[in-house]
Amino acid sequence: MSTGKTVVEKSQRAALIPLPSTTPPDPKVRNGTRLSDVDEWGRSEHMRSLVRQVGDPMYRWWFRVEWEGLEKIPTTGGALLVANHAGAIPSDAPVIMHGIERELGRPVYGLADYFFRTFPLVGTLWSRVGGVTAHPDNAFRLLRDQGQLVLVFPEGTKGPSKSFQDRYRLRRFGRGGFIEIAMRAGVPVVPIAVVGAEESMPILFRLPGVAKAVGVPYLPVTLNHLLLGPIVGSVLHLPSKFKLHVLDPITFDVPAGQERYSRSRIMEEAENIRQRIQDQLWEMLAQRRSVWLG
Amino acid sequence: MGRRVLITGLDTFWGGRMAQALESNPDIDVLVGLGTSEPKVQLERTEFVRTDQVYSVLTRLVRATQVDTIVHLFLVTDSTQMSRRKLHEVNVIGSMNLFAACGSAGSSIRHVIVKSSSLVYGSSAYDPTWFREEMPHSRPARNYVERSLIEVETFVRDFAEDNPHTLVTVLRFANVLGTDIATPMTFNLSRPLVPSIAGFDPLVQFVEEDDVIRSLEFVTRNEVPGLYNVAGDGRIPWSEVAAMCDRKLLGLPPFATRAAAAGLVRLGLIMFPPEMDSLLRFGRGVDTRRIKEAGFNFRYTTAGAVESFVQALRLRRTVGTSEPHYQYESDVESFFRHSPAVIRPSDR
C-alpha cells in the first residue's frame, strides 16, 4: 500500500531530525484565552455597559428622549441607519446608539470620520463604545457579513460644523457612498430625523485658523462655552428636548454584491432620503412649542 | 521525477525552518539553499550554496541545477536588522536579480513563492479594519521597509505578467509571534515595560511561526498560485497583548514619539523601529478568507499565537535559553545510516 509506505518514511525522517515545528502532536486549533471582550471592531461590551450606566440618566432625564416609529428599525439582520447630524460635539450619535440598544437590545456601530482615530484617547474611547472608521469595506462587512445595525451621518463634519443660524438645514449628503454600500450589502436604509441636537451645543462662530494649526476639522465657540466656561462647556450639552422620528425603511430593487451601481441612481436615492429627512424635520419643528420642553 | 526546490536565505530563521519542513517531503528530490553564511539549523539533505546577498550567481545556478521551484524567503521585514542601504540591497536588488534569473530564456522555473509581509498595507487612520489582498495601502508608505517591500511586490507582479506559465505565489504575513522567533515585537513583549503610545490602544494581529512555515509549505506542496494574506483569526488590543504577557505598558507621548523613544532605545530598554510607531497607533488587520478558501487551515488564532509566545517566554525564564544543544540521536542515526561498520539488511 503506497500510502502506508509514505507514512513510514515520514516518521523515519522525523526520527532522524527531531523537529517539533511543522507537525505538532495535537492538530486542534489553539484559540488562546482572551482577557478582554474587545471585538474585531474595537467595541467592548464592558465599556458599553459602563457608558450605559452614565448615559442612561442623561438620556432619560437630561435630553428626555422620545422616539417615534422605533418599530420600523429591523430587529434582525443588517440595516443602515441614516440621520441628520448637529451640535458642535454631536449628541445625536450617542443618543441614537444608546436608544436603540436600550429599546431594541441591539448593538449599533457608528461610522465616524478617519480624523477620530488620529486623536489620542478620543479615538480609542470612540472605538470601544462602538465607533468604526467610515471605510466602505467596514460598513459592508458589518451590514452584509455580520448583519449589524450601522449608523451613518452622510453630512459628515459639514453637519456639526455649521453655524446656529443654519440649524436644521441639511448639508450635502456626501457623494452618496452610503447608498452604494446599502445596495451592495442588500440591506434597507432607515432614515431617522433628529430634533434637539442642534440646540444642545449651538455653534456661535468657528476659529478656522486655530483649527488648522491644531489639526482638527473645525474648532467652534459654542453657547455652552459662554455659559459654562471653556472646560465644562466643551463637554456638557444643554438640556434640549430630543425627539427622534424613524421614517419608513427604503429597500433598493437592485441586485446585491455588484462592483458598481449607477451613479445617477445613487445620487437620486441619496437626494430622495435627504429630502425625506428634511421634510420630516420641518414638520417636527412646526409642531415643537419649546426647545427645552418639546 | 520529483521536484527540485531552491530556497533563498537558508541561513535566516525562516530559511532554516522551511528547509527542514521541505526535507520531510518525499516528493522533493533536490533541495538547494542559498545563504550568505552557514545555515544555523541542522539539515539532512539540503545542499548549501554560499552566495552574496544579491544572488549574482543565480542564473548559472538555476541553469545548472534545473530547479523548478524557488522559495524566496530572504526578504527583510525588520528595519533594526540592518542598515537602510543594506536592506535595500537585500530586498530590492536581491529580488530584482532573483526574478531576472527566474525569467531568463529557457528557465526551468515553474513556481515562485515569495514571503512578503502585511507591512505592504502600511498602517494609518485611513485603513479599513480588514485589508483584503487587492486593497492598496491607504496612505503612501512612510518608512523604507514598507517602501522596499512594495517595490519587491511590483517586481513580482511584473514577473507574473511576463511569465504567464510560471506560477507565482505571494504570502503576506502579519507580525509573527511564536516559541523561537526574535523580532522587535518579541523583544518589547519580553521586557518588563512594553512600549505603547499614550491614548492609543490599537488592535493588532499576529500569526504563529508554525503557521508561517505550514502555509509556505502548503503553497509549495500544492502549487497554489496567487496573493494571500496569512494571519491568525481576530484582532486584539495592544494593552491586552501586554496583559497576556504579564507586562506593564509604558506610555510614550503621542507627539514626538520617536524622539522620546530614542533615549529608551539607546538604553536598550525597548526597540522602536519606524514601522512600529504607526502600528502602535493604528494597528493593522488582514482578511485571511482567501487562503482558507484555498484549503489552508490555521492552527493558531491571534490570541493563540500570543499564548504560544507567552508559554515559551515563561519556559525560557525558568530553564534558560533554548539554544540548540548537542543532539546525540541525530549523530547516532547518522552512524546507523552511513557508517560502513553497520551491517544493513540490503547488504546481506
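Residues numbered from 1 in each chain as written. Chains lettered and ligands numbered in written order. Predicted model: local features only at pLDDT ≥ 70, side-chain atom pairs only at ≥ 80, totals over all residues. Heavy atoms only, no water.

**A few points about the packing of aromatic side chains**
All names here are of chain A. Basically, it comes down to this: Only rings of Phe, Tyr and Trp enter the pairing, Trp through its six-membered ring, and a pair is recorded when the two centres are within 6.5 Å. The plane angle decides the type: under 30 degrees is stacked, over 60 is edge-to-face, the rest tilted. Segments assigned H or I by DSSP are reported as helices when at least four residues long, segments assigned E as strands when at least two residues long, and all are numbered from the N terminus. Three labels apply to residues, based on accessible area from a 1.4 Å probe with only protein chains included: buried if under 20% of the type maximum, exposed if over 50%, partly exposed otherwise in between.
Counting across every chain of the model gives twelve aromatic pairs over all chains. Each ring, one from Phe116 and one from Trp126, has its centre 5.6 Å from the other, and the planes form 40 degrees; the classification is tilted. Of the two residues, Phe116 sits in helix 4 (residues 115-118) while Trp126 sits in helix 5 (residues 122-128), which places them ten residues apart along the sequence. Phe116 sits in the partly exposed class, given a relative accessible area of 29%.

**Some points on the sheet that holds strand 4 (residues 69-72) of chain B**
Residue and element names in this part refer to chain B. How we decide: Here, a strand pair is defined by DSSP locating no fewer than two bridges between the strands. In this description, a line fitted to the C-alpha atoms serves as the axis of each element, helices being fitted only across the stretch in contact, and the angle between N-to-C directions of two axes falls anywhere from 0 to 180 degrees. Any pair of residues with heavy atoms lying within 4.5 Å of one another is described as a contacting pair.
The strand order across the open sheet built from seven strands is 3-2-1-4-5-6-11, with neighbouring strands paired in parallel fashion. Of all the strands in the sheet, just strand 3 (47-50) and strand 11 (226-230) have a single pairing partner and so form its edges. Strand-to-strand twist of the sheet, defined as the mean angle between neighbouring strand axes without regard to direction, takes the value 20 degrees. The sheet contact formed by strand 6 (residues 167-173) and strand 11 spans five bridges and is parallel. From the neighbouring strand, Leu171 faces strand 11, where its bridge partner is Tyr228. Helix 4 (residues 144-162) rests against strand 5 (111-117), strand 6 and strand 11 of the sheet, and its axis sits at about 160 degrees to strand 6.

**So, a nonpolar patch on the surface**
Residue and element names in this part refer to chain A. Rule in force here: The patch calculation keeps residues exceeding 30% relative accessible area without a salt bridge and links them within 9 Å when they carry like charges or within 5 Å when they are nonpolar (Val, Leu, Ile, Met, Phe, Trp, Tyr). Residue exposure ignores everything except the shown protein chains as possible cover, and the areas themselves are Shrake-Rupley values with a 1.4 Å probe. A pair is scored as a salt bridge if a Lys or Arg side-chain nitrogen falls within 4 Å of a carboxyl oxygen belonging to Asp or Glu.
A surface patch of nonpolar side chains, about 910 Å² in accessible area, is lined by Leu204, Phe205, Leu207, Val210, Val214, Leu226, Leu227, Leu228, Ile231 and Val232. Here the nonpolar patch gets three residues from one element, more than from any other, and that element is helix 10 (residues 223-228). Tracing the backbone shows Val232 in helix 11 (residues 232-235).

**Focus: the pattern of salt bridges**
Within the structure shown, the criterion is met by 41 salt bridges over all chains. Note that A:Glu198 is salt-bridged to A:Lys162, the shortest N-O span being 3.0 Å. Linking A:Glu198 in helix 8 (residues 197-200) with A:Lys162 in the loop between strand 5 (149-152) and helix 7 (177-185), this pair joins segments that are 36 residues apart in sequence. In terms of burial, A:Glu198 and A:Lys162 fall into one category: buried. Through salt bridges with shared partners, a single ionic network connects A:Asp137, A:Arg141, A:Asp145, B:Arg132, B:Glu133, B:Glu134, B:Asp287, B:Arg289 and B:Arg290.

**Notes on the confidence of the model for chain A**
Close inspection of predicted coordinates is inappropriate in any region flagged by low pLDDT. Residue and element names in this part refer to chain A. What counts is decided by this rule: The predictor rates its confidence in each residue with pLDDT, a number between 0 and 100.
When pLDDT is averaged along chain A, the result is 89; 91% of the residues meet or exceed 70. Summarising per-element confidence for chain A, the mean pLDDT is lowest in helix 1 (residues 2-16) (42) and highest in strand 2 (residues 79-83) (97). Every residue in residues 1-21 scores below 50 in pLDDT, and together they form 20 contacts with partners more than four places removed in sequence or on other chains.

**Describing the sheet that holds strand 3 (residues 108-112) of chain A**
Residues and elements named next belong to chain A. Spatial ordering of the open sheet is given by 1-9-6-2-5-3-4, a layout of seven strands whose pairing is mixed. In this open sheet, the two strands that pair with only one neighbour each are strand 1 (66-68) and strand 4 (131-133). Strand-to-strand twist across the sheet, computed as the mean angle between neighbouring axes with direction ignored, equals 25 degrees. Pairing analysis gives four bridges linking strand 2 to strand 5, with the strands arranged parallel. Across the sheet, Val82 pairs through a bridge with Val152, a residue of strand 5.

**Observations concerning the interface of chain A and chain B**
To be explicit about the condition: Here's the idea: put two parts together, see how much 1.4 Å probe accessible area each one loses, and the total over both is what we call buried area. Under this definition, polar contacts are N or O atom pairs within 3.5 Å; protein pairs additionally need one hydrogen-donor-capable and one acceptor-capable atom, and for neighbouring residues in sequence, both atoms have to be side-chain atoms.
With 41 residues of chain A in contact, the opposing surface of chain B contributes 50 residues. Of the roughly 4,000 Å² buried between chain A and chain B on both sides combined, carbon and sulfur atoms contribute 54%. Between the two partners, chain A and chain B, sit six salt bridges. One salt bridge connects B:Asp201 with A:Arg128, and the closest N-O pair in it is separated by 3.4 Å. If you look at where chain A meets chain B, you find 21 residue pairs in polar contact (both at pLDDT 80 or more).

**Thoughts on the environment of B:Glu208**
All names here are of chain B. Considering the arrangement of structural elements, one finds Glu208 in strand 10 (residues 206-208). Separated by 31 residues in sequence, Glu208 and Leu177 place their C-alpha atoms 5.2 Å apart. Apart from residues lying up to four places away in sequence, Glu208 is in contact with Val176, Leu177, Gly178, Thr179, Tyr300, Ala305 and Ser308.

**Re the packing of helix 3 (residues 84-102) of chain B against helix 4 of chain B**
Residues and elements named next belong to chain B. Quick reminder of the rule: Our angle categories are set so that under 35 degrees counts as roughly parallel, over 145 as roughly antiparallel, 65 to 115 as roughly perpendicular, and the remainder as oblique. The nonpolar class holds Ala, Val, Leu, Ile, Met, Phe, Trp, Tyr, Cys and Pro. Asp, Glu, Lys and Arg form the charged class, and all remaining residues, Gly among them, are polar.
Look at helix 3 against helix 4: their axes get within 10 Å of each other, and the N-to-C directions meet at 5 degrees. Between helix 3 and helix 4, the angle is such that the two are roughly parallel. Together, Arg84, Leu87, Asn91, Val92, Ser95, Met96, Phe99 and Cys102 of helix 3 and Tyr144, Val145, Arg147, Ser148, Leu149, Glu151, Val152, Phe155, Val156 and Phe159 of helix 4 make up the contact between the two elements. Here the residues of the contact of helix 3 with helix 4 sort into twelve nonpolar, three polar and three charged.

**Thoughts on the environment of A:Arg167**
All names here are of chain A. Counting through the fold element by element, Arg167 comes out in the loop between strand 5 and helix 7. Between the C-alpha atoms of Arg167 and Glu198, which are 31 residues apart in sequence, the distance is 6.2 Å. Discounting residues that sit within four places of it in the chain, Arg167 has contacts with Lys162, Glu198 and Glu199. In terms of polar contacts, Arg167 uses its side chain to reach the backbone carbonyl oxygen of Phe164, at 3.0 Å.

**As for the pairing of strand 9 (residues 243-246) of chain A**
All names here are of chain A. With three bridges joining them, strand 1 and strand 9 adopt parallel strand pairing. The residue bridging Trp67 from the neighbouring strand is Leu244, located in strand 9. Where strand 6 (residues 189-195) lies against strand 9, four bridges are found, and the strand directions are antiparallel. Paired with Val195 across the strands is Lys243, a residue of strand 9.

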